[in-house]
Amino acid sequence: MRRFNRLATLSRAVSSGATSAATQHRHHQLAQPAALFSTFSSCQSQGFAQKIVNRLGPSFAGGVAGFSAAAPSLAQDAKPQAKEQPRSQKFSDVVLYQYEACPFCNKVKAFLDYYRIPYKVVEVNPISKKEIKWSDYKKVPILKVDGEQMVDSSDIMDKLFQRIHLDNASSQSDEEKKWRAWVDNHLVHVLSPNIYRTTSEALESFDYITTQGNFSFTEKLVAKYAGAAAMYFVSKKLKKRHNITDERASLYEAVEIWVDALNGRHYLGGSKPNLADLAAFGVLRPIRHLKSGRDMVEHTRIGDWYTRMESSVGSSRIKE
C-alpha cells in the first residue's frame, strides 16, 4: 500500500505541473494524457493497473512490457580494445523508430552497431506514437533502410544479415538459432518483473523519457509517471504469467544458463559474436546500469562476456 500511495502522490504532483504546462503548450496530442492523469489521481488500488493500461492502450502496454528499462547513458566499463571490426557499405539511409528502453529495439541497435551501419534514431512517444503515424505497423522497432520498412527485431536482423553476406554463403548454425529463440522466448520475459520490481525501480527505468525524444515537458511527465505506475502493476501480472516467484533469482538463473552455453568460449560464435550474442547483449544492454543490471553483474558470471561484447559492439548511431 505504501508503494501505491507513493505513486499516487507523485501522480498528483505531476498532474498539477502538467496542467500548468498544458496551458502554455496546447498540444492536441495531450488530450489523452490529460484524461490519463485524471484517472491516475482518482483510481483506487483495486483495478488501478487495468484502468491505466486501458487509457494508454494495448499497444503501449505491449511495447512497454517489453521494456528492458531505460539506461540514461551507458558508461563503458572498460576501454574498447583495438581490433578489426566488421564493416558494411551496403546501406546509405537507415532510420530506427524506437523506444530507448525496448529490448527488441536494442537487439536491432546491437546489430547495426556491430556491423558498423550508421543509423539515425527517432524516439517514439509511447502514448501518442505520433512519430509513426505514417506507418500501418504501430509497434517498435520499425527500421527504414533506404526507404524500405522493416519490422520485427528478429526478421530485421535476418534481412540485414543476408544483405551483408550476399556474396558469402554464410548460414546460421542450429546452436545459433536455438539461442536466438531462447533470448526472445525466455530471457526477455524475466526482465520486466525485475525492472519494475519496486516503485523506485519502475521510476528509475523511465528516467530516460525525460531526456529522449522531441517531447514537450508535459508529455515527458505523463510518459514517465503514468508509464512507471502502469508497468509496476503490469509486471506483477507478467510475473504470475511466467511462473516467476523470485524476480532476481529468475534473472540470475537465466544469465547463468547463457554463460554455461558459452562453454568457455569468448562468444557463443567462438572468436567473434554471432547473432545470438548480439541478441542477448542487445536485450541486456539497456538494464546494465539500472539496479537490476548492477545486481545481475554483481551476483552472476555474466560480467566478462558483457564487457567483451560492449567492446566489440561499440556504437554506429548518428548523433543529431
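To be clear, the structure that these remarks concern was listed above.
What comes next concerns the included structure. (Residues numbered from 1 in each chain as written. Predicted model: local features only at pLDDT ≥ 70, side-chain atom pairs only at ≥ 80, totals over all residues. Heavy atoms only, no water.)

## Thoughts on the packing of aromatic side chains
Turning to step 1, where the next piece is worked out: Following the criterion strictly, the structure yields 11 aromatic pairs and no others.
Turning to step 2, where the next piece is worked out: Relative to Trp258, the ring of Trp179 lies with its centre 6.0 Å away and its plane at 80°, an arrangement referred to as edge-to-face. Note that Trp179 is positioned in helix α7 (residues 174-185) and Trp258 in helix α11 (residues 247-262), a separation of 79 residues in sequence.
Turning to step 3, where the next piece is worked out: For Trp179, a relative accessible area of 9% corresponds to the buried category.
Turning to step 4, where the next piece is worked out: The side chain of Lys144 reaches across the aromatic face of Trp134, ending 4.7 Å from its centre. (Phe/Tyr/Trp six-rings, centres within 6.5 Å; stacked < 30°, edge-to-face > 60°. Helix = DSSP H or I, 4+ residues; strand = E, 2+ residues; numbered from the N terminus. Buried < 20%, exposed > 50% of the residue type's maximum accessible area, 1.4 Å probe, protein only. Lys NZ or Arg CZ within 6 Å of the ring centre and 35° of its normal.)

## Let's talk about the state of the cysteines
Turning to step 1, where the next piece is worked out: Under the counting rule described, the total for this entry stands at zero disulfides.
Turning to step 2, where the next piece is worked out: With no disulfide of its own, Cys102 has Cys105 as its nearest cysteine by sulfur position, at a separation of 3.4 Å. (Disulfide = S-S within 2.5 Å.)

## Observations regarding the pairing of strand β3 (residues 142-145)
Turning to step 1, where the next piece is worked out: Pairing analysis gives four bridges linking strand β1 (residues 94-98) to β3, with the strands arranged antiparallel. Within β3, the residue paired with Val94 across the bridge is Val145.
Turning to step 2, where the next piece is worked out: Of the pairings in the sheet, the one linking β3 to strand β4 (residues 148-151) comprises four bridges and is antiparallel in character. Residue pairing across strands places Val145 opposite Glu148, the latter belonging to β4.
Turning to step 3, where the next piece is worked out: Taking the residues between adjacent antiparallel strands as the criterion, β3 and β4 are bridged by two residues, where Asp146 takes a positive phi near 50°. (Pairing = 2+ DSSP bridges.)

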